[in-house]
Amino acid sequence: MSITESGPVRADPRRRVMVISASVGAGHDGTTRELATRLRDRGFRVDCMDVTDVFPWRLGRLLRGTYRGMLLRLPWFYDGLFAIACRFRGAGPITRALLRPVRPRMRRALPADVHAIVSTYPIASQLLGPLRRDGHLAVPVVTYLTDFAVHPIWLSPGVDVHYTAHETGRVQALAHGATDVRVAGRLVSARCRPASASAKRRARQRFGLPPDARLALLVAGAWGVGEVAAAAAEIAATGVAIPVTVCGHNPALRRRMLRAGIGHVFGWVDDMPDLLRAADVLVENGGGLTALEAMACGVPVLTYRPLPGHGKASAASMAEAGVTTLVRRRGELGRALAEVVGGERGRRARDAGLALFAADPATGIADIAAGERPSLVGDDAGHR
């Protein structure tokens, strides 16, 4: 099945699904939009909610701002907090205890006629799991893990099913104590698909890029965080590829990159699938949505100078899954770029990345919302 196929419509259009995410970067939002689209194509009514809107006194906005501030200004501090939470078994229970006062607000925010609830953000799962476990929610709760690496905060007792992209994530989730974990593939826009040579030429012409050079598309999420300028300079210094840097919603980074005159520089790009068609390789640092879009487009992915915390964890998990090449040292960058762009290493990574989209996570979620047994994917049928 291709990533654009939805299968037969099973749903009664009166059935309602709530998908709860958070506007923390673009990855969670992008996954939520695509899941909502596929469920609507199957005949469901779908509502989307930002969990930060549930918090009182603008605490959700403070949460989002604090997270972004740590990534931009105190990455070492965020890295330490992430590592502690990964190793400390009490991280989940403490998080749920801190969120207890918010549970009544979450209950009131949910429609009375909802048939299933899907979380694509860990804080939402930590609110929904206890409500389901304690009998305050009579409908199934599903967590769809958007990260390759499974942090313990993603997992909450009471959640009926956890969906993950790859067997590596399922193993991690089980190790952290989750019970029903199923491998269900990844969600990206149907516009993300391998491009022909002519489509690649048109994309380069549209973005004003050289028609024949090797191009390394460098991304750092919607916020443009990380050691982006250093990575661009080091890519250019290899002589293997010209960096094409996307700075996202970070105008200061864009100005700095333009002054440096390294490769080609863009701010926020509305049409990433088309820009990906122009690239020979994607260089990324966070395991986010653009990395997944590149995999669906058949563009090999290389991870370099990963972000602290979730970036490093996702880089390790993606490398273990074989969908990316993790470059740990600057001296390895040139050889890795050459191997990924034109060698067997890149072909294997492309094949492994495309395999993530052979299944559609919306299928199992649609089954649950329609009151049926959720479909099992591949080898996961033996891990109920």
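Remember, predicted model here, so these are calculated numbers, not experimental data.

Here is what the cut-offs are and how they apply
Residues numbered from 1 in each chain as written. Predicted model: local features only at pLDDT ≥ 70, side-chain atom pairs only at ≥ 80, totals over all residues. Heavy atoms only, no water. Helix = DSSP H or I, 4+ residues; strand = E, 2+ residues; numbered from the N terminus. Buried < 20%, exposed > 50% of the residue type's maximum accessible area, 1.4 Å probe, protein only. Contact = heavy atoms within 4.5 Å. Areas by Shrake-Rupley, 256 points an atom, 1.4 Å probe, with all protein chains shown as cover. Axes fitted to C-alpha atoms, helices over the stretch in contact; angles between N-to-C directions. Parallel < 35°, antiparallel > 145°, perpendicular 65-115°, else oblique. Left-handed = near helix turned anticlockwise from the far one by under 90°. Nonpolar A, V, L, I, M, F, W, Y, C, P; charged D, E, K, R; others polar. Pairing = 2+ DSSP bridges. Phe/Tyr/Trp six-rings, centres within 6.5 Å; stacked < 30°, edge-to-face > 60°. Lys NZ or Arg CZ within 6 Å of the ring centre and 35° of its normal. Core = buried A, V, L, I, M, F, W, Y, C linked by side-chain atoms within 4.5 Å. Patch = residues over 30% accessible without salt bridge, like charges linked within 9 Å, V, L, I, M, F, W, Y side chains within 5 Å. Salt bridge = Lys/Arg side-chain N within 4 Å of Asp/Glu carboxyl O. Polar contact = N/O pair within 3.5 Å; in protein donor to acceptor, adjacent residues only side chain to side chain.

## Describing the overall build of the protein chain
Item 1. When helices and strands are counted, the protein chain shows 16 helices and 12 strands.
Item 2. A burial count over the protein chain gives 55% of its 384 residues as buried.
Item 3. Long-range pairs, those at least 24 residues apart, make up 67% of the contacts in the protein chain with a sequence separation of at least 6.
Item 4. About 16,600 Å² of surface is accessible on the protein chain, with carbon and sulfur atoms providing 53% of the total.

## Quick word on the packing of helix α14 (residues 333–342) against helix α15 (residues 344–355)
Item 1. At a closest axis distance of 5 Å, the pairing of α14 and α15 adopts a crossing angle of 60 degrees. Comparing their axes, α15 and α14 come out oblique. The interaxial crossing formed by α14 with α15 has right-handed handedness. Residues Ala-336, Glu-339, Val-340 and Val-341 of α14 form the contact with α15, whose participating residues are Glu-344, Arg-345, Gly-346 and Arg-350.
Item 2. Considering only residue class, the contact of α14 with α15 consists of three nonpolar, one polar and four charged.

## Some words on the sheet that holds strand β6 (residues 181–183)
Item 1. Pairing is parallel in the open sheet, where six strands are placed in the order β2-β1-β3-β4-β5-β6. The outermost strands of the open sheet, each flanked by one partner alone, are β2 (45–50) and β6. Put simply, the sheet's adjacent strands are angled 25 degrees from each other on average, direction ignored.
Item 2. Relative to strand β5 (residues 161–164), strand β4 (residues 141–144) runs parallel, the two sharing three bridges. Within β5, the position partnered with Val-142 by the bridge is Val-161.
Item 3. Its contacts with the sheet put helix α6 (residues 122–133) on β1 (16–21), β3 (114–119) and β4, and the angle it makes with β3 is roughly 140 degrees.

## Some thoughts on the packing of aromatic side chains
Item 1. Taken as a whole, this structure holds one aromatic pair when the rule is applied.
Item 2. Residues Phe-207 and Phe-266 carry aromatic rings whose centres are separated by 5.8 Å and whose planes lie at 90 degrees to one another, so their mutual orientation is edge-to-face. Taken together, the residues Phe-207 in the loop between α8 (197–206) and β7 (215–219) and Phe-266 in strand β9 (residues 264–266) connect sequence positions 59 residues apart.
Item 3. Look at Phe-207 and you get buried, because its relative accessible area is 15%.
Item 4. Directly above the ring of Phe-148 sits Arg-186, whose terminal nitrogen or CZ lies 5.2 Å from the centroid.

## Description of the nonpolar core
Item 1. Counting 33 residues, the largest nonpolar core has Leu-209, Leu-217, Leu-275, Leu-282 and Met-295 as the members making the most contacts within it.
Item 2. Mapped by element, the contributors of at least two residues to this core are β7, β8 (242–246), α11 (272–277), α12 (289–296) and α13 (310–321).
Item 3. In terms of residues, this core owes the most to one element, α12, which gives six residues.
Item 4. If sequence neighbours within four positions are ignored, Leu-217 has contacts with Val-244, Val-246, Met-272, Leu-275, Leu-276, Ala-279, Val-281, Leu-282 and Val-283.
Item 5. Residues Ala-241, Met-257, Val-327 and Ala-336 belong to the second largest nonpolar core, which totals 24 residues.

## Things to note about a nonpolar patch on the surface
Item 1. A contiguous nonpolar patch, built from Leu-74, Trp-76, Phe-77 and Leu-81 and spanning about 420 Å² of accessible area, is present on the exposed surface.
Item 2. Mapped onto the secondary structure, Leu-81 falls in helix α3 (residues 75–87).
Item 3. Under the relative-accessibility criterion, Leu-81 is labelled partly exposed at 40%.

## Some remarks on the side chain of Thr-290
Item 1. Here Thr-290 lies in helix α12.
Item 2. With a relative accessible area of 18%, Thr-290 lands in the buried category.
Item 3. If we ignore the near neighbours within four places in the chain, the residues touching Thr-290 are Val-219, Met-272, Leu-276 and Leu-282.

## Let's talk about unusual backbone geometry
Item 1. Residues other than glycine seldom take positive phi values, yet Arg-305 does so here, at roughly 50 degrees.
Item 2. Mapped onto the elements, Arg-305 comes out in the loop between β11 (301–304) and α13.
Item 3. When its relative accessible area of 25% is taken as the criterion, Arg-305 is described as partly exposed.

## Here we look at helix α16 (residues 361–369)
Item 1. In terms of residue burial, α16 counts as a mostly covered element, since nine of its nine residues are buried.
Item 2. Listing the buried residues of α16 in full gives Pro-361, Ala-362, Thr-363, Gly-364, Ile-365, Ala-366, Asp-367, Ile-368 and Ala-369.
Item 3. Taking the backbone nitrogen of Ala-362 as reference, a side-chain oxygen 2.9 Å away marks Asp-360 as the first, capping residue of α16.

## As for the environment of Met-257
Item 1. You can see Met-257 is positioned in helix α10 (residues 251–260).
Item 2. Remark: the alpha-carbon pair of Met-257 and Ala-229, spanning 28 residues in sequence, is separated by 6.5 Å.
Item 3. Apart from the residues lying within four places of it in its own chain, the contact partners of Met-257 are Ala-229, Ala-232, Thr-245, Cys-247, Ile-262 and Val-265.

## Some remarks on the sheet that holds β11
Item 1. The six strands are arranged β9-β8-β7-β10-β11-β12 in an open sheet whose pairing can be described as parallel. Looking along the sheet, the strands with just one partner apiece sit at the ends: β9 and β12 (325–327). Each neighbouring strand pair of the sheet contributes to a mean axis angle of 25 degrees, computed without reference to strand direction.
Item 2. Direction of pairing for β8 relative to β9: parallel, over a ladder of three bridges. Each residue of the ladder has a partner; that of Val-244, found in β9, is His-264.
Item 3. Strand contacts of α13: β10 (281–284), β11 and β12, with the helix running at about 135 degrees to β12, the strand carrying the most contacts.

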